[in-house]
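Structural characterization, general
Spelled out from the first residue to the last, the chains are:
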Amino acid sequence: MPIKSRIRTVPHYPKPGIMFRDITTLLKDPTGFRITINELASRYANTKIDIVAGIEARGFIIGAALAYQLGVGFVPIRKQGKLPAATLNQDYSLEYGTDRIEMHIDAISAGDRILLVDDLIATGGTAEAACRLIKRAHGQIVECCFVIDLPDLGGRARLEQQGHTVFALCEFVGD
Ligand code: AMP
């Protein structure tokens, strides 16, 4: 498990009971970073993709490297108030309250084939909101891909129920 074994688990971060899956230990390792991007790039090498869309912030690191490797463009999906030009906004629910992500209105053209990237899928709320943004811009979502899936939290199933395909390089099940 060359990827999973390089991911550090930090218990009780950012609050008690959360097992934080920290990819900084994967990224600082040149072999770890390279195999992460290479595995994703080889999965999509023969798939028509126009844009890799990455979710702030760790999705930028993986997504930008992947876009570069695939030779396609990169679009950032950001937290509220960070993008300078006109945006589409999407609210989504958190455990307490709501959050908002944004994408430039002109980031995607109708019919563009989009690969959505983030470091981790937990409940799937963030990725679902990102998919909504992409669909509202009339993009076509090829797949949602992650370094880590936490299947106990149901995000993969949630996205699959909405007709998306989901891929993750590794899973953490239990604890
Ligand atoms: P969710 O919307 O519940 O699928 O949460 C996904 C987002 O929250 C991703 O951008 C992750 O980076 C972050 N996240 C959620 N849970 C964890 C966790 N246990 N460890 C690290 N990051 C997490």
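As shown above, the structure is provided for reference.
Calculation notes
- Residues numbered from 1 in each chain as written.
- Predicted model: local features only at pLDDT ≥ 70, side-chain atom pairs only at ≥ 80, totals over all residues.
- Heavy atoms only, no water.
- Helix = DSSP H or I, 4+ residues; strand = E, 2+ residues; numbered from the N terminus.
- Expected span 1.5 Å × (residues − 1).
- Buried < 20%, exposed > 50% of the residue type's maximum accessible area, 1.4 Å probe, protein only.
- Arc of directions from axis to C-beta.
- Contact = heavy atoms within 4.5 Å.

What follows covers helix α3 (residues 58-70). Taking 1.5 Å as the rise per residue, α3 with 13 residues should run 18 Å; its terminal C-alpha atoms sit 18 Å apart, in good agreement. Restricting attention to buried positions, one finds in α3 the residues G59, I62, G63, L66 and A67. All buried residues of α3 lie within an arc of 130 degrees about the axis, which places them on one face of the element. For α3, the secondary structure elements touched by its buried residues are α1 (24-27), α2 (30-44), β3 (51-55), β4 (73-79), β7 (113-121) and β8 (140-149). Note on α3: the residue one or two positions beyond its end, G71, has a positive phi of about 75 degrees.

Once that is clear, we can look at unusual backbone geometry. Omega for the bond connecting Y13 with P14 falls within 30 degrees of zero, at 0 degrees, which places this linkage in the cis form. Within the secondary structure layout, P14 lies in the loop between β1 (8-11) and β2 (19-22). The peptide bond linking E56 to A57 adopts the cis configuration, its omega dihedral lying at -5 degrees. Structurally, A57 is set in the loop between β3 and α3. Phi is positive for H12, close to 60 degrees, though the residue is something other than glycine. Among the secondary structure elements, H12 is positioned in the loop between β1 and β2. H12 gets classed as exposed once you look at its relative accessible area, which sits at 54%. Backbone geometry at H138 places phi at a positive 65 degrees, although glycine is not the residue there. Residue placement: H138 occurs in the loop between α4 (125-136) and β8.

Such coordinate-based values are descriptive only and should not be taken to indicate function.
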